[in-house]
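# Chain and residue survey
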Amino acid sequence: MKICIDERTYEGSATEIMEQLRQQDFDPTEYPDTESYIHQLRSNFIRATDLDCPLPESGVERQAQTMFAHLAKAGALMILEE
């Protein structure tokens, strides 16, 4: 997968990209793992957009892919390659 956020490109699996984003956060220890970070992004997305943001029940990779799809649809990032 390859995405672009604010002119910065990220590559790897969806989980790897989410982990890169989690590590760039102001305090990456606030979210102990990638899955908790995805759920925080989901909460922020819902608050900011008032849009529903369903995620698969299991599988961090599928959750990350779905979250990226929601963010792309809202214009927060561009998916360059899936």
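Residues numbered from 1 in each chain as written. Predicted model: local features only at pLDDT ≥ 70, side-chain atom pairs only at ≥ 80, totals over all residues. Heavy atoms only, no water.

Right, let's get into the nonpolar core. Across soluble globular proteins, you tend to see nonpolar side chains buried next to one another. Counting residues in hydrophobic clusters, the biggest one holds 19 residues, and the most contacted among them are Ile3, Met18, Leu21, Met67 and Phe68. Those elements that provide at least two residues to this core are strand E1 (2-5), helix H1 (14-24), helix H2 (34-49) and helix H3 (60-73). With near-sequence residues (within four places) excluded, Met18 lies in contact with Thr34, Tyr37, Ile38, Leu41, Ala64, Met67 and Phe68. (Core = buried A, V, L, I, M, F, W, Y, C linked by side-chain atoms within 4.5 Å. Buried < 20%, exposed > 50% of the residue type's maximum accessible area, 1.4 Å probe, protein only. Helix = DSSP H or I, 4+ residues; strand = E, 2+ residues; numbered from the N terminus. Contact = heavy atoms within 4.5 Å.)

Put simply, H1 and H3 touch, their axes get as near as 8 Å, and they point 70° apart. One way to sum up the angle between H1 and H3 is to call them roughly perpendicular. Between H1 and H3, the contacting residues are Ala14, Thr15, Ile17, Met18 and Leu21 on the first element and Val60, Glu61, Ala64, Gln65, Met67 and Phe68 on the second. Taken together, the residues of the contact of H1 with H3 sort by class into 8 nonpolar, 2 polar and 1 charged. (Axes fitted to C-alpha atoms, helices over the stretch in contact; angles between N-to-C directions. Parallel < 35°, antiparallel > 145°, perpendicular 65-115°, else oblique. Nonpolar A, V, L, I, M, F, W, Y, C, P; charged D, E, K, R; others polar.)

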